[in-house]
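Survey of secondary and tertiary structure
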Amino acid sequence: MTLYKDVDVRTLLRKGGEPFRLIMAALETLAPGQGLRILSTFEPKPLYRVMSERGFDHAARPLTDGDWEVTFTPSASVPPVAVSRGGEDATDWADPIFHLDLSALEAPEPMVRILRQIDLMEPDEVLFAVLDREPVFLLPELERRGHRWVCAADEARTTWRLLVRVGEETVS
Amino acid sequence: MHGATLSRWTMSWFGAAIVLLVAAEALFALGFADPVAAPRGAETLAVVHLVTAGWLGLLTIGAALQFVPVLAAGRLRAAAASLPSLILALLGDLALVGGFVALGRGAAAAPHLLAGGAALLVAGYGGGGMMLGLTLRAARPLAAVPRLVGLGLVGLAATLVLGAGLASGLAGLLPPDPAGRVADLLPFHIVFGLGGWLTATALAVSYRLLPMFLLAAEPSVGPKRLLRLAISAFVLLGLALAAVAVGVDARLAAGASAIAAVAAIAVHGRDLAAIVRGRRRRDIEASGRASLLAVLTLWAAVALGLGAALLGETARVVPTVVHLAGFGWLSGLGLAQLGKIVPFLTWLEYFGPVMGRRPTPRTQDLLPSRRLEPWYVVFHAGVWIGAAALLAEAPALYRFGALMQGVAVAALLVVFARTRRLAGVAAEHLREGVDRPRLFVATIEPGSKP
């Protein structure tokens, strides 16, 4: 079953605001496998194409007062998600407080930067990172240090999205 | 567990491998074996097997013990077999080499050494192949690159079976063979070994490592195409082998297999060109340049073989093609990748447990490119001198080429040993109370599972 993150852009729209950036920002914070539910004052058709390119299917439903509810669900063809011990509840984690783009860095640099950042964070805080290779050596090391993580690749396996929830680290 | 950890025994396989290569180059340089005058002489076969069943085979298994779990993003299966397999393979190689030497001198021990060596090699490499095969199996469904590694394991099995058959024949364990069919198996043993096992695996590994070191995107279509061609080459080679076994003309199947293999190498070449063009790292390091040089040598070997086949001169160039493939391509690529893998694994072993918690040196600081470069140049120069000597039938020149290769490999051995011992690492980066990495065995710190 897919869990959804709710984004209500109706107030913003009624004030004449532009919701696209808000929605894209929400998209960046999704756990792998998580979907997005948008409440809007109109059917946001332009979004369908954008979201489809990012691997989401959509389903739209008109609400009673002329508003619309649209759910975006990760497409079934997206590769499976790898999860650490205790990482199954990732959809309930807090929003990430750090976003790291670690593509175009040579190993082991992405791994070092993530662990360096985590060392500055408090337990239960969440970090989000984008990598261009599967961080195969990092994942067991995170677990060894008591952190939880979720990691998923895009369909072409060119980008990996990693979510880490900091654990009660034992100093060694 | 998802992800890969440091392979404890990879350095042991590497260490044994490179020592055997130094020994082989020394024996060639001293003229103990003379591949110019006697390419199938017992001494030549002895030293060749130090290179193939010793250096190249141990290097490939050692690298795969680390690399396949990374490909599969899972732990190595049956990992307890790592050390016993290494010991069996190493003893097997030494016994086989001793068997060839004894054969050349007509010593009574020859059959025992040959048969025993072959059995130990089957057990040792069989153990290595089993660990890798089980690891790949657990990671199914597999992408094209790990499948190519799996195909390489099929090549390893074929090489072992044929080699064991040939050794049994030499040891007199097989019934008398009036048609001389056992001897006809030799080309298949060589092609399955250098091509089906070592080259297939090297191509697969290079698809992952070169984009990683050059910071380029991994090609997605090429590996699938290459895999299809490689499978075709395997099947056709199998047909040719069956034809030889029943005494039918095998030339058509063998020729078609060679065409498929050349097409596979061409696909790899095109992908490699795209990787080099699309790289984000502008300056290619010494190990990257040496890897590309190795690939160029593979193409040279292929071109030489094709050219000679068209001219009907195949027999004349076989030793040169085998030399270029074994030393310039496979050994060249192996030495080049060691220049990257040794510092990376050493870094991971020593600094992995503290990364992110304190400043760590870069992997390049463990082994700067400039320490490698001259030795790669000397090695490849020696390879080409050796190739020229084989074509010109000049034994003294071949010995000189082998001397250059041997000096380069011995120097690289020292460079790698210093890297393991963190010789170039600034004192402030060293960890207090933690021993430097040992030369041949990785230390896995408590808390992390091997």
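Conventions adopted
Residues numbered from 1 in each chain as written. Chains lettered and ligands numbered in written order. Predicted model: local features only at pLDDT ≥ 70, side-chain atom pairs only at ≥ 80, totals over all residues. Heavy atoms only, no water. Helix = DSSP H or I, 4+ residues; strand = E, 2+ residues; numbered from the N terminus. Buried < 20%, exposed > 50% of the residue type's maximum accessible area, 1.4 Å probe, protein only. Contact = heavy atoms within 4.5 Å. Areas by Shrake-Rupley, 256 points an atom, 1.4 Å probe, with all protein chains shown as cover. Buried area = accessible area lost by both parts, 1.4 Å probe. Salt bridge = Lys/Arg side-chain N within 4 Å of Asp/Glu carboxyl O. Polar contact = N/O pair within 3.5 Å; in protein donor to acceptor, adjacent residues only side chain to side chain. Nonpolar A, V, L, I, M, F, W, Y, C, P; charged D, E, K, R; others polar. Pairing = 2+ DSSP bridges. Axes fitted to C-alpha atoms, helices over the stretch in contact; angles between N-to-C directions. Parallel < 35°, antiparallel > 145°, perpendicular 65-115°, else oblique. Left-handed = near helix turned anticlockwise from the far one by under 90°. Domains from an automatic or database assignment. Phe/Tyr/Trp six-rings, centres within 6.5 Å; stacked < 30°, edge-to-face > 60°. Lys NZ or Arg CZ within 6 Å of the ring centre and 35° of its normal.

**A short note on the overall build of chain A**
Tallying secondary structure elements over chain A gives five helices and nine strands in all. When the helices and strands of chain A are listed from N to C terminus, the series reads β-α-α-β-α-β-β-β-β-α-β-α-β-β. For chain A, the C-alpha atoms occupy an extent of roughly 60 × 30 × 30 Å along the three principal directions. Counting over 172 residues, chain A shows a buried share of 48%. Put simply, of all contacts in chain A between residues at least 6 apart along the chain, 66% involve residues at least 24 apart. Of the roughly 8,700 Å² of accessible surface on chain A, 52% is carried by carbon and sulfur atoms.

**A look at the interface of chain A and chain B**
Taken together, the contact pairs 25 residues of chain A with 32 residues of chain B. Here chain A meets chain B over a buried area of about 2,400 Å², counting both sides, of which 58% is carbon and sulfur. Ranking the residues of chain A by area buried against chain B places Glu106(A), Arg133(A) and Phe137(A) at the top, with a combined share of 29%. At the boundary of chain A and chain B, one finds five salt bridges. Put simply, Glu106(A) and Lys340(B) hold a salt bridge, and the shortest N to O gap is 3.0 Å. Our count for the contact surface shared by chain A and chain B stands at 11 residue pairs in polar contact (both at pLDDT 80 or more). Contributing elements (two or more residues each) for the side of chain A that touches chain B: helix 4 (109–119) and helix 5 (138–144) of chain A. It is helix 4 of chain A that provides the largest number of residues to the side of chain A that touches chain B, a total of five residues. Partitioned by chemical class, the residues of the side of chain A that touches chain B number 13 nonpolar, two polar and 10 charged.

**Remarks on the sheet that holds strand 5 (residues 82–83) of chain A**
All names here are of chain A. The sheet built from five strands is open, its strands ordered 5-8-9-7-6 with mixed pairing. At either margin of the open sheet sits one strand with a lone partner, and together these are strand 5 and strand 6 (98–101). For strand 6 and strand 7 (residues 126–131), the ladder comprises four bridges, and the chain directions are parallel. Paired with His99 across the two strands is Phe128, which belongs to strand 7.

**Some thoughts on unusual backbone geometry**
Glycine aside, residues mostly have negative phi, and peptide bonds are mostly found in the trans state. Geometrically, the link from Ala107(A) to Pro108(A) is a cis peptide bond, its omega value of 0° lying close to zero. Counting through the fold element by element, Pro108(A) comes out in the loop between strand 6 and helix 4. Of note, the amide linkage connecting Arg140(B) to Pro141(B) takes the cis form, showing an omega dihedral of 0°. Its place among the elements puts Pro141(B) in the loop between helix 4 (110–138) and helix 5 (144–170). With a phi angle near 65°, Ala104(A) is a residue other than glycine that sits in the positive phi range. Relative to the assigned elements, Ala104(A) resides in the loop between strand 6 and helix 4.

**Points about the packing of helix 1 (residues 10–29) of chain B against helix 2 (residues 42–72) of chain B**
Residues and elements named next belong to chain B. One way to put it is that helix 1 packs onto helix 2 with a least axis distance of 8 Å and a crossing angle of 160°. Put simply, helix 1 runs roughly antiparallel to helix 2. Handedness of the crossing formed by helix 1 with helix 2: left-handed. Grouping the amino acids of the contact of helix 1 with helix 2 by side-chain chemistry returns 21 nonpolar, four polar and no charged.

**What about the sheet that holds strand 1 (residues 4–8) of chain A?**
All names here are of chain A. Strand order in the open sheet formed by four strands is 1-2-4-3, with mixed pairing between adjacent strands. Only two strands of the sheet have a single neighbouring strand rather than two, namely strand 1 and strand 3 (56–62). In this sheet, neighbouring strand axes are inclined to one another by 20° on average, regardless of whether the strands run parallel or antiparallel. Both strand 1 and strand 2 (residues 35–40) contribute to a ladder of five bridges, which runs parallel. Paired with Tyr4 across the bridge in strand 2 is Gly35. Against the sheet, helix 2 (residues 20–28) contacts strand 1, strand 2 and strand 3, and its axis sits at roughly 160° relative to strand 2.

**A look at the pairing of strand 4 (residues 68–74) of chain A**
Residues and elements named next belong to chain A. Pairing geometry for strand 2 and strand 4, over five bridges, is antiparallel. Within strand 4, the position partnered with Ser40 by the bridge is Trp68. Hairpin connection of strand 3 to strand 4: five residues between the antiparallel strands, including Gly66 at a positive phi of 85°.

**Observations regarding the domain arrangement of chain B**
Many descriptions give the size of an interface as the accessible area lost when the pieces come together. Residue and element names in this part refer to chain B. Domain boundaries assigned for chain B yield domain 1 (7–140) and domain 2 (311–352 + 359–424). Three residues, Met11, Glu25 and Val36, lead the burial of domain 1 against domain 2; their summed loss comes to 30% of the area buried on that side. If you look at where domain 1 meets domain 2, you find zero salt bridges. Summed over the shared surface of domain 1 and domain 2, the result is two residue pairs in polar contact (both at pLDDT 80 or more). Elements with a contribution of two residues or more to the side of domain 1 that touches domain 2: helix 1 and helix 2. Top element by residues in the side of domain 1 that touches domain 2 is helix 1. It accounts for 10 residues. Of the residues that constitute the side of domain 1 that touches domain 2, the class distribution is 16 nonpolar, three polar and two charged.

**With respect to the pattern of salt bridges**
Overall, the coordinates contain 25 salt bridges over all chains when judged by the stated rule. Here the residues in one salt-bridge network are Asp8(A), Arg10(A), Arg14(A) and Asp67(A), joined through shared partners.

**Focus on the domain arrangement of chain A**
All names here are of chain A. If you check the domain split of chain A, you get domain 1 (4–74) and domain 2 (82–165). Just the C-alpha atoms count here: the centres of domain 1 and domain 2 sit 26 Å apart. Between domain 1 and domain 2, the residue contacts involve eight residues of the former and 11 residues of the latter. Here domain 1 meets domain 2 over a buried area of about 730 Å², counting both sides, of which 59% is carbon and sulfur. Here domain 1 and domain 2 share one salt bridge between them.

**What to know about the packing of aromatic side chains**
All names here are of chain B. All told, the structure shown has seven aromatic pairs over all chains when counted by the stated rule. Between Phe28 and Phe327, the ring centres sit 6.3 Å apart and the planes meet at 75°, which makes this aromatic pair edge-to-face. Placement of Phe28 in helix 1 and of Phe327 in helix 11 (residues 314–351) is noted, with a sequence separation of 299 residues between them. For the pair Phe28 and Phe327, a shared accessibility class is recorded, and that class is buried. Ring plane angle 65° and centroid distance 5.9 Å describe the contact between Phe192 and Phe234, whose orientation is recorded as edge-to-face. Here Phe192, found in helix 7 (residues 186–214), pairs with Phe234, found in helix 8 (residues 221–246); they are 42 residues apart in sequence, far enough to count as distant. One Lys or Arg, Arg431, reaches over the ring of Tyr350 and ends 5.6 Å from the middle of that ring.

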